[in-house]
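One-letter residues, chain by chain:
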Amino acid sequence: MLLQIALRKNASAFTALVTAAALVLTPLSAARAQAKGPPVLRDTETEQLLREYTRPILRAAGLEKQNIQMVIINDASFNAFVADGRRIFVNYGAILQSDTPNQLIGVLAHETGHLAGGHLAKLREQLATAQTQMIIAMLLGAGAIAAGAGRGNSAGNNGLANAGAAAIAGPQEMIRRTLLSYQRQQEENADRAGVKFLTATQQSPKGMYETFKRFTSESLFAARGADPYLQSHPMPAERVAALQEFARTSPYWDKKDDPALQLRHDMVRAKISAFMERPETVYRRYPQTNDSLPARYARAISTYLHGDLRSALAQIDALIQVQPNNPYFYEVRGQALLESGRPAEAIPALRKAVQLSSNSPLIEMLLGQALVGSDNKAYTDEAIRILRAAVAREPEAPLGYTQLAMAYGRKGDYAEADLASAQAAYLRGDNKTARELATRAKTRFAVGTPGWVKADDIVAAKPPRNN
């Protein structure tokens, strides 16, 4: 134990240098992501657009059947990454700051290049090798230090101790440079793979180039004088120059985004701005003089979020007149009423949103919440049916189970209510409450029934280790 603690202490500086790489070592479960990791944003409209962006790219990469999921992270910075081989994580800032679909698609193609190249598994191997080398170097260095200390404080013995310290520091630096060099090579490979996937799907790689070129301009001053071998990515100017040279060979370099896709992209950006930015920022981006559909969408959402429900509903209804088959306009209308304490009035709009979205489970959960919140017992069975269907397709969403527990409680089915509450608590990362509720649920179900088995699974589940 003492050796383990000492090694962990000595390795802390090395670990800090590969924090981004170390993300691949521990796959994120939904419960852990919500409890300990970066907050996740859920929105049907945005997720659907991202899936449409990635579907042809994943097909070209041979990953179409791998069920790669898109996860939106609540972070305003421009970033996207892969961390477990099953998900592509995208900060909402990357969506908001991408002026065109092609710019964002280029970033997603780059991340797909990491997945297709097996970079996560290979990086794990590199990290494991580096860790072994670090431990050996530390043990040898620690032995020299101990030998020097055990022979007294003479100059020669001090030299032996100093040599031991150098035996630790030298390999650390070499291993660090080797690992970072490996990461740089992976980034270059992902760039090239991304361009190939875009070309295979008849899309322009110009967006990827534009994005990285912008990063070059923004980081030029910060990178000036830096040691290129200490960068976790290639020096920006060098990387972008190589990317441009390769990307321009694509016959689709000058191909433009479809106007309809550009409109959907702008609608999602407007929605994100309205929900995530301060109202003054929203109105600066989308002033009253801007009569475009995205600008009106952003202003309508911002208006309801900041207390003027009557004006917001009028703006949303005007949007519905323009696009009467847009499910997300009805979703926003229902959400505005629901969050303003008028769940019964939200039901018709949310029913329409569910219908037009082909039964989106996240929108079904909102409808279920409205049905439960209406205090009309006639809606109880419908709420249970809708919520059960929703959680069957979105089993990692706590909201669905929370509303399901309330619906079962209203019906007097306390066994199912306790089980649903336990599932919601488990997904939120509250394992203590989840076990307590599941234990009580087991006493209400007959032994061996499906409900009893599910409750027993929660009781027996071990929480994720945080070390």
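Everything that follows concerns the structure shown earlier in this document.
Residues numbered from 1 in each chain as written. Predicted model: local features only at pLDDT ≥ 70, side-chain atom pairs only at ≥ 80, totals over all residues. Heavy atoms only, no water.

**As for the overall build of the protein chain**
Per the secondary structure count, the protein chain includes 23 helices and 4 strands. Burial analysis of the protein chain (467 residues in total) assigns 46% to the buried set. By sequence separation, contacts in the protein chain at least 24 residues apart represent 64% of the contacts at least 6 residues apart. Looking at the protein chain as shown, the accessible area adds up to about 23,200 Å², and 54% of this sits on carbon and sulfur atoms. (Helix = DSSP H or I, 4+ residues; strand = E, 2+ residues; numbered from the N terminus. Buried < 20%, exposed > 50% of the residue type's maximum accessible area, 1.4 Å probe, protein only. Contact = heavy atoms within 4.5 Å. Areas by Shrake-Rupley, 256 points an atom, 1.4 Å probe, with all protein chains shown as cover.)

**Side note on the nonpolar core**
Inside soluble globular proteins, nonpolar side chains tend to come together where they are buried. Membership of the largest hydrophobic core comes to 54 residues, with the highest contact counts inside it found for Tyr-297, Phe-329, Leu-367 and Leu-404. No other element matches the 8 residues that helix α18 (residues 361-373) contributes to this core. Excluding anything up to four places from it in sequence, Leu-367 contacts Ile-347, Leu-350, Arg-351, Val-354 and Ile-386. Among the nonpolar cores identified, the runner-up in size contains 39 residues, and Leu-49, Leu-58, Phe-78 and Ala-94 belong to it. (Core = buried A, V, L, I, M, F, W, Y, C linked by side-chain atoms within 4.5 Å.)

**A short note on unusual backbone geometry**
Phi at Asn-67 is positive, roughly 55°, even though this residue is not glycine. Of note, Asn-67 is situated in the loop between α5 (44-60) and β2 (69-73). One non-glycine residue, Ser-358, lies in the positive phi region at around 60°. On the secondary structure map, Ser-358 appears in the loop between α17 (343-356) and α18.

**Some details on the environment of Met-276**
Along the chain, the position of Met-276 falls in helix α12 (residues 259-276). Spatially, the C-alpha atoms of Met-276 and Asn-74 are 8.8 Å apart, while their sequence positions differ by 202 residues. Residues contacting Met-276, with those up to four places away along its chain left out, are Leu-41, Asn-74 and Tyr-92.

**A few points about the sheet that holds strand β1 (residues 40-41)**
On the basis of which strands lie adjacent, the open sheet formed by 4 strands has the order β1-β2-β4-β3 and mixed pairing. Edge positions in the sheet fall to β1 and β3 (80-82), since each has one partner strand and no second. Judged from the 5 bridges that link them, β2 and strand β4 (residues 87-91) form a sheet pairing that is parallel. From the neighbouring strand, Ile-73 faces β4, where its bridge partner is Asn-91. Here α5 sits on the sheet and contacts β1 and β2; the angle it forms with β2, its principal contact strand, is near 130°. (Pairing = 2+ DSSP bridges. Axes fitted to C-alpha atoms, helices over the stretch in contact; angles between N-to-C directions.)

**Focus on the side chain of His-265**
Considering the arrangement of structural elements, one finds His-265 in helix α12. The class of His-265 is buried, set by a relative accessible area of 0%. Side-chain polar atoms of His-265 contact the side chain of Tyr-53, separated by 2.9 Å. Here the side chain of His-265 touches Thr-100 through a polar contact of 3.5 Å, landing on its backbone oxygen. Those residues in contact with His-265 that sit more than four places away from it in its chain are Leu-49, Tyr-53, Ile-95, Ser-98, Asp-99, Thr-100, Pro-101 and Leu-104. (Polar contact = N/O pair within 3.5 Å; in protein donor to acceptor, adjacent residues only side chain to side chain.)

**Re the pattern of salt bridges**
Under the counting rule described, the total for this entry stands at 24 salt bridges. With a closest N to O distance of 2.9 Å, Asp-43 and Lys-271 form a salt bridge. Taken together, the residues Asp-43 in the loop between β1 and α5 and Lys-271 in helix α12 connect sequence positions 228 residues apart. Taken individually, Asp-43 and Lys-271 each receive the classification buried, so the pair is uniform in this respect. A salt bridge links Asp-191 to Arg-239, with the shortest nitrogen-to-oxygen separation between them at 2.8 Å. Highlighted residues: Asp-191 in helix α9 (residues 155-200) and Arg-239 in helix α11 (residues 236-247), separated in sequence by 48 residues. (Salt bridge = Lys/Arg side-chain N within 4 Å of Asp/Glu carboxyl O.)

**Here we look at α18**
Compared with an ideal rise of 1.5 Å per residue, which puts 13 residues at 18 Å, α18 spans 18 Å between its outermost C-alpha atoms and is within 8% of the ideal. Buried residues dominate α18, accounting for 11 of its 13 residues. For α18, the complete set of buried residues consists of Pro-361, Leu-362, Ile-363, Glu-364, Met-365, Leu-366, Leu-367, Gly-368, Ala-370, Leu-371 and Val-372. Backbone geometry just downstream of α18 places Asp-375 in the positive-phi region, at approximately 65°. (Expected span 1.5 Å × (residues − 1).)

**So, helix α7 (residues 101-116)**
Here α7 is 16 residues long and its end C-alpha atoms lie 22 Å apart, about the 22 Å a rise of 1.5 Å per residue gives. Buried residues dominate α7, accounting for 15 of its 16 residues.

**As for the pairing of β2**
In terms of burial, β2 is largely enclosed, as 4 of its 5 residues are buried. Across 2 bridges, the pairing between β1 and β2 is antiparallel. Directly across from Leu-41, in β2, lies its bridge partner Ile-72.

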